[in-house]
Amino acid sequence: MARLGSWIEPHPEGIYVRPADAWIDPAQPKPRALVTHGHADHARGGHGEVWATPETLAIMDCRYGPQNGRPMAYGESLKLRDVTASFVPAGHVLGSAQIVLEHQSERIVISGDYKRRPDPTCAPFQPVPCDIFITEATFGLPVFRHPATGEEVDRLLQRLHDNPDRCILVGAYALGKAQRLIMELRGRGHRDPIYIHGALQRLCDLYAQFGVELGELRPATDASKDELKGRIVLAPPGALNDRWSRRLPDPITAMASGWMRVRQRARQRLVEMPLIVSDHADWDELTRTIGEVAPKEVWITHGREEALKHWCMTRQIKARELNLVGYEDEDD
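Everything numeric in this text was worked out from a predicted model, so none of it was measured. (Residues numbered from 1 in each chain as written. Predicted model: local features only at pLDDT ≥ 70, side-chain atom pairs only at ≥ 80, totals over all residues. Heavy atoms only, no water.)

(A) Structural view of the environment of Y74. Position of Y74 among the secondary structure elements: in the loop between β6 (69-71) and β7 (77-80). Classification of Y74 as partly exposed rests on a relative accessible area of 32%. Taking C-alpha positions, Y74 is 9.9 Å from I99, a pair spaced 25 residues apart along the chain. With residues up to four places along the chain from it excluded, the contact list for Y74 reads T53, F87, V88, P89, G95, S96, A97 and A123. For Y74, the side chain forms a polar contact with the main-chain oxygen of S96, separated by 2.7 Å. (Helix = DSSP H or I, 4+ residues; strand = E, 2+ residues; numbered from the N terminus. Buried < 20%, exposed > 50% of the residue type's maximum accessible area, 1.4 Å probe, protein only. Contact = heavy atoms within 4.5 Å. Polar contact = N/O pair within 3.5 Å; in protein donor to acceptor, adjacent residues only side chain to side chain.)

What follows is the structure, encoded as structure tokens:
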């Protein structure tokens with residue numbers, strides 16, 4: 001009797017679905033690829049054909065140029081030879097999806113990256129019962145328990161209120177984190193213009209094209225120091241301490257990331273105000289999700305694999321590490 005999931009093959013550059021002759025999130029160009037979401041450690045250009053949600057394909061077009069894309073709506077099914085594939089929401093960023101594969105009476109869910117917190121910029125995670133659940137473990141340690149997002153945003157707004165002659169410069173990843181933070185600020189009643197680094201503009205425009213109303217955004221480069229006093233400025237994490245930031249009026253440097261739970265990471269980046277806002281599931285959400293989908297086996301793609309593997313084994317769930325290459329947190 002064949003072992004469970006024998007028809008998919010983990011390789012360093014991605015997961016190969018043999019009976020479909022297709023790859024999941026391959027790190028190298030392949031003839032046929034299914035892509036979970038638009039972050040660069042999962043979505044690469046140059047594939048012969050690529051299946052993804054319309055939003056992910058638009059993100060890939062924006063980053064890599066035109067793709068030979070095959071758009072897949074959430075819940076839509078695709079037959080690839082003897083394998084049925086469908087895409088369901090992952091709650092990570094705009095267009096992010098879990099890929100559900102069904103073959104020989106087995107169901108395998110490849111979650112990609114995911115989170116369980118509400119996010120006004122993307123569809124919420126949908127648990128899918130399965131035989132094998134392939135999960136990330138970016139924050140797969142019990143120390144990682146993210147605080148409520150609203151509390152972190154309130155801290156940011158209070159700091160802004162207390163320092164009217166300064167601005168707050170927030171490092172936020174260009175795809176997903178920046179747009180989510182903007183929407184969280186709007187949801188807490190912040191209606192002022194938000195200033196952004198030029199590197200964020202294209203993706204903010206793309207989100208707006210898909211109906212995510214971000215409010216008034218202005219280019220920070222064009223603003224004077226006086227105009228930026230008492231304002232929030234968003235930039236890629238790499239811009240926090242470079243020459244670009246010197247134009248700002250005595251900025252309070254912040255960063256929005258799940259890694260801000262680790263004080264050493266905040267100190268290394270010279271972050272004055274760590275904001276623990278993550279687009280990945282924390283420890284409690286990882287373990288809760290495994291309980292909800294009730295798999296016979298858990299395969300762990302990247303992150304803190306050993307702790308999550310141990311948690312599974314103590315609950316009589318078979319678990320293994322896949323050791324894929326090229327998957328990174330991208331500043332979360």
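Further notes follow.
(B) Here's a closer look at the sheet that holds strand β10 (residues 106-110). Strand order in this open sheet of seven strands is β7-β8-β9-β10-β11-β18-β19, and the pairing throughout is mixed. Looking at the sheet topology across the chains shown, the edges are occupied by β7 and β19 (318-321). Across this sheet, the average inter-strand angle for adjacent strands is 20 degrees, counted without regard to direction. Looking at chain direction, strand β18 (residues 297-303) and β19 are connected through four bridges and run parallel. In the strand pairing of β19, I300 is matched with E321. Taken strand by strand, helix α7 (residues 283-293) contacts β11 (132-137) and β18, and its axis lies near 175 degrees from that of β11. (Pairing = 2+ DSSP bridges. Axes fitted to C-alpha atoms, helices over the stretch in contact; angles between N-to-C directions.)

(C) Looking closely at unusual backbone geometry. Phi is positive for D21, which is not a glycine, with a value near 50 degrees. Relative to the helices and strands, D21 resides in the loop between β2 (14-17) and β3 (22-24).

(D) Seen up close, the sheet that holds strand β13 (residues 194-196). Strand order in the open sheet made by the six strands is β14-β13-β15-β12-β16-β17, with parallel pairing throughout. Both outer strands of the open sheet, β14 (217-219) and β17 (273-275), are each paired with one neighbouring strand and no more. Neighbour to neighbour, the strand axes of the sheet diverge by 30 degrees on average, direction disregarded. Two elements, β13 and β14, share three bridges in a ladder whose sense is parallel. Looking at β14, one finds that I194 is bridged to L217. Relative to the sheet, helix α2 (residues 149-162) contacts β12 (168-171), β15 (232-235), β16 (252-256) and β17, its axis offset from that of β17 by approximately 155 degrees.

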